[in-house]
Structure formats: C-alpha cells, structure tokens
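Listed below, chain by chain, are the residues.
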Amino acid sequence: MKSILAFLCILLCAGAAVCETLNSALEPYGVFFPKSNFSVTKNQKLSGHMKNQHVIEARTKGDEFVQIRVIGPIQPNDAKNLLGGERTAIEKLYGTEQTPYMGDIAAAIGGCPSYLGPVPKSFRFHGQEVDTVSGAVGTDRSFGACSLTQAKYRGAVVTYYNPDTKMVWIWRVYSPWRDGRNALSSDWLTEFMSQFQDPRLP
Amino acid sequence: MWIALALLLAAGTAAVYPALKKHIGKKYNILVVSACSLRRDRVGVFNPNSGISPKIDLWSQNAAVFTNAVSEKPWQNFNVEGNELIWAKSIVESGYRKLKNRNQRHVFTIPPARMEGADNDEWSFPDDEIHRYRESIDGLRRAVTRKGEKPFYIFTHIKYMHYPYLDRVNLKPEEFEKLHPKSRQLLETYSRVPDKYDLQLPVLGVIFNDLEFVRKKFGIGKISAMAGLISNPRRAAAWRETAGYEDDLRLITELYDLKMRQFDSLADEVLNLFGDEELQKNTVVIFTGDHGEAFMEHGVLGHSVNLYDEMLLYPLIVKIPGMNGRRSVPEQVTHRIMAALTRDLLEGRVSPEDFVEEARKRSSEYVLSRNCANTVRSVRYRGEWKFIKNLGSGKNELYNLKDDPAEKTNVIEQNLGLAWKLEEYLIDHQEQLTRSTVREQLLQVCISR
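Now for a look at the structure at hand.

So, how was this worked out
Every chain is numbered independently, its residues counted from 1 as its sequence is written. The naming scheme follows written order: chains are lettered A onward, ligands numbered 1 onward. The predicted nature of this model means local features are confined to residues of pLDDT at least 70 and side-chain atom pairs, given and counted, to a pLDDT of 80 or more, with totals for whole chains, interfaces and linings taken over all residues. To obtain the side-chain values, all non-hydrogen atoms of the structure were included, while hydrogens and water were left out. Disulfides are defined as cysteine sulfur pairs within 2.5 Å. Numbering of helices and strands runs from the N terminus, with a helix taken as a DSSP run of H or I at least four residues long and a strand as a DSSP run of E at least two residues long. The rule is simple: take the accessible area with a 1.4 Å probe, protein chains only, and divide by the maximum for that residue type; under 20% is buried, over 50% is exposed, in between is partly exposed. Any two strands between which DSSP finds at least two bridges are classified as paired. Fitted lines through C-alpha atoms serve as axes, helices being fitted only where they are in contact, and the angles separating the N-to-C directions of these axes extend from 0 to 180 degrees. Every residue pair with non-hydrogen atoms within 4.5 Å of one another is taken to be in contact.

## Details of the state of the cysteines
Note on terminology: disulfide describes a covalent bond linking the sulfur atoms of two cysteines.
And step 1. Under the defined criterion, the tally for this structure stands at two disulfides over all chains.
And step 2. The disulfide partner of C112(A) is C146(A), and the gap between their sulfur atoms is 2.0 Å. Between C112(A) and C146(A), the S-S dihedral sits near -120°, and the bridge is therefore left-handed. One end of the pair, C112(A), is in the loop between α4 (105-109) and β4 (119-125); the other, C146(A), is in the loop between β5 (128-137) and β6 (153-162), and 34 residues separate them in sequence.
And step 3. Paired through a disulfide, C372(B) and C446(B) show a sulfur-sulfur distance of 2.0 Å. Residues C372(B) and C446(B) are joined through a disulfide that is left-handed, its torsion about the S-S bond being -95°. Of this pair, C372(B) sits in the loop between β10 (366-370) and β11 (376-381) while C446(B) sits in the segment after α19 (438-443); the two residues are 74 residues apart in sequence, bridging distant segments of the chain. Both residues of the pair, C372(B) and C446(B), count as buried.
And step 4. The structure places no disulfide on C36(B), whose sulfur is separated from the nearest cysteine sulfur, that of C446(B), by 13 Å.
And step 5. Residue classification places C36(B) among the buried residues on the basis of a relative accessible area of 4%.

And the structure:
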C-alpha cells in the first residue's frame, strides 16, 4: 500500500506542493533550497537512548534517488569515526578483495577498474567542506559494481558533521549511469548536489 | 582501631577490585583445543540431528556447553584474539611449565605452520600432507603427557576442518562409495577436467584448494590461498545459477561431514588427554571453535565475508575436573572474554571451580562483529536479535534469532525502534570494530580502516 501511494505521489506530485517535499522534510534543520523534482517516499524519525535518527528518502521520475540520514547528537570524535568508516567501507568495495590470508589470489586478481570508482572528492555544501566518495552502483543500489554491465547508477556518499548542532549528515545519492567509462570523471556529483544547495549559505 | 580500619579497607578493596584477589589453591593444567572452521551445527551437543560427532558428544557429558559463543571476527581464533592477553612470560611467571616448542609461545598449530618457507601461524594446505596431522598430534601428545613438577598451558589450533574438504589421502574407498552417486560422479569429473568449470571455481576451491591449477588458469605468480575465489559473493551468485548447483552443494556438505566424522576421532584423542587418567583429573580443557563456515545459506561459501550465525557461532565446551553432568550456558561470550578469563585462571585470579560462573558474569549482552573488509558490521543482542549494517548496499537487516535462527526473514521494518537502538550501540562502540590484532597488522590482512 505504501509503495502504491509513493508511486502515485511521484506520478502526480513531482515538484507540486500537495505531496511532501524535501524542503518540508528538511525544514527542522533550517535547510532550504529551491524547488526540486524529488518527491519524498520516506520520512522516518527514530529515537534511541541518546541519539536520534531521521531518515528521508526521495526520488524523481527520472530514477534519481537520495537517502538522507541525520544522526545526533554525536560528539566530534565519534562523528569523525562514523563518517570516516562510511566512506572507507565504500572505497574498499572497489579495491582488492580483503581476505584473512597473506598471498591470497584476491591480491593477484586486483580490484575493479578505476573508472568504476572509488572517486573521492570534497566541495562546499551547506556552508562547509564535505567529503564524498562516488562509484558505480548496481541495480539494487549496492555500491561496488565491478563492471560496466553491472553499473546501473552513479552513486555517492556525501558526509559531513555540523559541530554547532552536533548532527551528522550522510547522504546517499544515485543517478542513472551515463557516458560509459567517463560516468564518474565528470562533475556529475557537484552538479547533482547543487540542486540541494542552500542559496543563503556560502 | 587502625588495624580494624586497615582490615576493612582491604576487604572493601577486594570487593571493589575482585581481580586483585588471587586464588590460593591447586594449579591445573590448561589445554585449549581450538578447531578451525568447525560449524557448530555439526557438533551433536548443539544440534541433536547432527549424529556425526558421537565422541565429542560423549566427552562433553560432564562439561559446560556454551550455546552462544559468538565470533567478533569470523576468521580469528582464541589465540589470535588472546595473544595480547596471554603472554608466554606471564605463563611462566604464573608457575606454568616453559615449553620447548620452536616458538615457545605455547602454541601448537596442527598441521605445523609453514608459509613462504618461514614458520609462523599461517599455513598452506598441500593435499598430500595429511601425515603431518599425525606427526603434530604426536608432538602435542608428547608435550602434554610429559610429567613435570609444573603444570602446562597449551593452546592448540587444529586446522582439520578448514577447506579443502577433500584430503585425497584420507578418502578411503568405502567412504567414497557412501557418497551420493552424483557426488561421486562430480568428484571424478572435477578431478579430471577442472578447466571446463569456470563458474564452479568456488566449488573447486573449497574441495581441492589446488593452488597450482588456479595459478595456471589465471596466469599469475605464486599464491598461497584462494579465499578470494571461494568466498567471493559475485562468483558464488554466478555458480548458483548453474544447472548443477544443488548437486555441487550436496557434494560440498557431504565431504565436510565426512571430514567431521574423522575429526571427531582425532579430537577425541586430544580432548581425553590421550587416555591419561591422571591428566584428566588435573587438566581444564577448553574446546573451542574459532568461527563457523557458510554453505551458501546467505550467498557465500567459507568464512570472513558476512555476519550471519552460520559464520559467527562456534562450539565452545569447557570441562573442569570433577564436573558432574552437562551444563548449558546460554549467555553470550566471545574469544576475548574467554581468553581474558583463561588468563585469569592461569594467573590464579579465578579458580577452576568458579570458571564457568565467572564466564557467565563476564558474558556480554551485545556482541559486535565485523567482516574482514569492515564493510559489514553487526550487533548480536542477548542471543535473541541480530542487527546487520551493510555499508555497501546501505540496507540494514534485523533478525529475530529465537523465531528465525536461520536468519531468513528481515524484520527491520516491523522493528525500527529496536533496530535503531542496536545501530546506536554500534555507533557508540565502533572503536571496538577498528581494533586490529598483532597478526592483522603484521600480515596486513583484514585491516579495518
């Protein structure tokens, strides 16, 4: 039932005010950006012992997808470890497979072709430097697609920490794979994320 | 008054810091018998339907059986996790016998370790070296049964159950005949023309571990292991689509179970201290696996890759002299917990009589685990719930282990609050998962960062 409603929302509501928008979902954080083509398919808040998590998912008719996780309050060192771990894990999916044995065949076979990732990048977003890593993603939106036939999306993990609010932001963004081996070499990620830039922030 | 106050302070200190209070009493020998890649469900004590470990089951009749022994890293063993806790110097200083094996680390690896010409705790598996198991068991027997004034602490890691599952020397004709007809046919086919079976490389790897064949096939230089083929999820997925998949899987499990029957006899010798009754009365025996082994329950063979219970759970049975009856211990323990406890037993802070109760006290409601690449992490809560965080897919999983021990039904959407609390625990304790052992740093394997 929920997926039917979400589908209808996407069909009817892209950009319109009648369905929840990313803007309204992110309003509690004071984030604002001009109207986007994304329609929210999930807006979930969970409370833990000391930390809360807010998960927002949204998509477009063009099969672009974002998942935003806002977690906090979290101390700076824990945030650094959390975000570093998220990015490092993605990078490892494209590298030589890790096994417990020295001299394993995995080292000889090697990792994925470099044009499939990982591509680290930093840029300014929401008023601060953010760290990202992007790579080829498969049909189930799993990072680590290791051939052009497996690559269905360009995906990226965008991470940053706001020390004022003590909140960690983890965006997972996906857009359809284009341009073959050059899919990740373009500025696709900064262009993609520009639609979520808050014009009031440097 | 001052004497009374001093006595009160000492008693208070002992209460607050029980670790300081040393046990004065008889020192027992300690033998830790670690079995590599031993699936818990193949040991009858944990799975009455198994029926292939009668000797181990008999041995454990008067022992404590830990039903939730969980591996934090499904490739490490007790000694690797514990070698930062149990030092050779400490063993000797605690009044235990100094052993004269080659590295004096009170470690016997069976078969003896050899990698790139250097002796260490790594190994390679030429399939004609089954005799080395016998030689090393004999070496262990000599070390254990040598009578001396001082007790011994010995850790032995027996690699018998690790792949390859087929040791040609050990597959007797009568055992071969007992295999399913299709299994017999496949064994012969794969032995004769392995080159034709690219999609079945995980199968060939886990059965034969023929490094020379793989080197030639891939046109690469010297390799020492092929976990990258055996446990590769992509290769496993391609194999799963082949017409002969079910027959291959049957062959793999039949060979593993055959090995288990053989291992049952081998372990029986060691666990019963080679029939020496005096040793049996004076030795604490800890029989422990290191991690499980997957047979495609969740899309892979082998271990170290994911965090489902077939990979995480290992058999753990502790026998204390004088123990009557079998006792089940349901609390979650790990290698580090048991290694620390064994160190305290060795150093006299815990008595053998209190060992099992102390293990229960030190058990952990939450066990954190990670895979070799640290791209998958999990929290196992009270043996009842498992939360799995998969950083590659971004999709998390939650399993009710009581209702769904096979972890087939992801119930995260119905239990979002619990899932978040477990993920929060993971975040709060993530440093535990980035800790590397000395072995990992030395060999540069399974680096967490």
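## What about the pairing of β4(A)?
Residue and element names in this part refer to chain A.
And step 1. Sheet analysis places β4 next to β5, joined by seven bridges and oriented antiparallel. Bridging across to β5, K121 finds its partner in T132.
And step 2. Joining the antiparallel neighbours β4 and β5 is a turn of two residues, in which H126 adopts a positive phi near 50°.

## Side note on the sheet that holds β4(A)
Paired through their backbone hydrogen bonds, the strands of a sheet run either parallel or antiparallel.
And step 1. Strand order in the open sheet formed by seven strands is β1-β2-β3-β7-β6-β5-β4 (chain A), and the pairing between neighbours is antiparallel. Each having just a single partner strand, β1 (39-47) and β4 of chain A make up the two edges of the open sheet. Neighbour-to-neighbour, the strand axes of the sheet open up by a mean angle of 15°, direction not taken into account.
And step 2. Where helix α17 (residues 416-428) of chain B meets the sheet, its contacts fall on β1, β2 (52-59) and β3 (65-72) of chain A, and the angle it forms with β1(A) comes to roughly 70°.

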